[in-house]
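# Commentary on secondary and tertiary structure
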Amino acid sequence: MKKAIVYYSYSGHTKRIVDMIKEKIDADVFEIKPKEPYSTDYDTVVDLGQEEVNNNVLREIEEVNINLDNYDTVILATPVWWYTFAPVVHTFLEKYDLKDKTVMPIITNGGWLGHTVEDIKKYCPNVRNELILKFDGNNLETSSSVIDKFIEEIDN
Ligand SMILES: Cc1cc2nc3c(=O)[nH]c(=O)nc-3n(C[C@H](O)[C@H](O)[C@H](O)COP(=O)(O)O)c2cc1C
């Protein structure tokens, strides 16, 4: 069965990884987009993101045009925002039921992963092989061999 990749990316890191992976596997890619785009000013978004995460804000998203019946595995990619998934990913998980899916998370972060994996597992009991990638600015610090290993495991 074909895989689905569902992702959110604010500053492009997560998208970069998704683009790499989609070249190597047979997958349909779906982007989660906030209804109202975030500011382009990074520091503004860091502050607003903190407010949203602390208040469990389910920021409105555009409809994601995915028919989940078509997939048994979903690769879910998110940046870490204030020690958890980004608010729009939180909204996605509230609206789209991944309980019966095998979920392979991709989590990009700056070194403070927090409770992101645990929070994903609350919505997705069948998590396996999470790919955790650390960026320093725009540089990927995690070895690319970790990504290769994750890709190898997608079909197993
Ligand atoms: C609002 C906001 C909050 C963030 N909070 C964290 C955090 O708690 N821990 C961390 O390691 N990185 C944090 N970061 C850094 C991002 O997780 C990291 O740069 C990620 O790779 C960005 O992915 P993207 O470019 O796909 O948006 C935060 C970034 C933003 C914008």
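These notes cover the structure that comes with them. (Residues numbered from 1 in each chain as written. Predicted model: local features only at pLDDT ≥ 70, side-chain atom pairs only at ≥ 80, totals over all residues. Heavy atoms only, no water.)

## What about a negative patch on the surface?
There is a patch of like negative charges on the surface, built from Asp 41, Asp 43, Asp 47 and Glu 51. By the secondary structure assignment, Asp 47 is in helix 2 (residues 42-54). (Patch = residues over 30% accessible without salt bridge, like charges linked within 9 Å, V, L, I, M, F, W, Y side chains within 5 Å. Areas by Shrake-Rupley, 256 points an atom, 1.4 Å probe, with all protein chains shown as cover. Salt bridge = Lys/Arg side-chain N within 4 Å of Asp/Glu carboxyl O. Lys, Arg positive; Asp, Glu negative; His and termini not counted. Charge placed at Lys NZ, Arg CZ, Asp CG, Glu CD. Helix = DSSP H or I, 4+ residues; strand = E, 2+ residues; numbered from the N terminus.)

## Structural notes on the site of the ligand
As a matter of local geometry, the ligand sits amid 20 residues, with Ser 9, Ser 11, His 13, Thr 14 and Val 80 nearest to it. Between the ligand and Gly 110, the relevant distance is 2.7 Å, taken from an oxygen atom to a main-chain nitrogen or oxygen of the residue. Between the ligand and Gly 111, the relevant distance is 3.1 Å, taken from an oxygen atom to a main-chain nitrogen or oxygen of the residue. In this structure the site holding the ligand corresponds to the largest pocket. Among the elements of the structure, helix 1 (13-24), helix 2, strand 3 (73-81) and strand 5 (102-109) are those that each provide at least two residues to the shell around the ligand. For the shell around the ligand, the residue count by class is 11 nonpolar, 9 polar and no charged. (Near = heavy atom within 4 Å. Polar contact = N/O pair within 3.5 Å; in protein donor to acceptor, adjacent residues only side chain to side chain. 1 Å grid on protein atoms, 1.4 Å probe; cavity = no way out; pocket = protein on both sides within 12 Å on 5 of 7 lines; lining within 4 Å. Sits in = over half its atoms within 2 Å of the grid points. Nonpolar A, V, L, I, M, F, W, Y, C, P; charged D, E, K, R; others polar.)

## Structural notes on the environment of Thr 44
As for its position among the elements, Thr 44 is in helix 2. Residue classification places Thr 44 among the partly exposed positions, given a relative accessible area of 40%. In the structure, Thr 44 is positioned 65 residues away from Asn 109 in sequence and 18 Å away in space, judged by C-alpha atoms. (Buried < 20%, exposed > 50% of the residue type's maximum accessible area, 1.4 Å probe, protein only.)

## As for the layout of surface pockets
Remark: the empty space left among the atoms is shown by a probe the size of a water molecule rolled over them. Approximately 610 Å³ is the volume found for the largest pocket. Forming the boundary of the largest pocket are 23 residues, of which Tyr 42, Val 80, Trp 81, Asn 109 and Gly 110 lie nearest the centre. Sorting the residues of the lining of the largest pocket by element identifies helix 1, helix 2, strand 3 and strand 5 as the ones contributing at least two each. Among the elements that make up the lining of the largest pocket, the one with the highest residue count is helix 2 (4 residues). When its residues are assigned to classes, the lining of the largest pocket shows 11 nonpolar, 12 polar and no charged. Approximately 180 Å³ is the volume attributed to the second largest pocket. Taken together, 15 residues line the second largest pocket, and the ones lying closest to its centre are Val 53, Asn 56, Thr 84, Phe 85 and His 90. Every element with two or more residues in the lining of the second largest pocket is listed here: helix 2, strand 4 (84-85), helix 3 (87-95) and helix 4 (116-123). (Points joined across faces, edges and corners; volume = space filled by probe spheres on them.)

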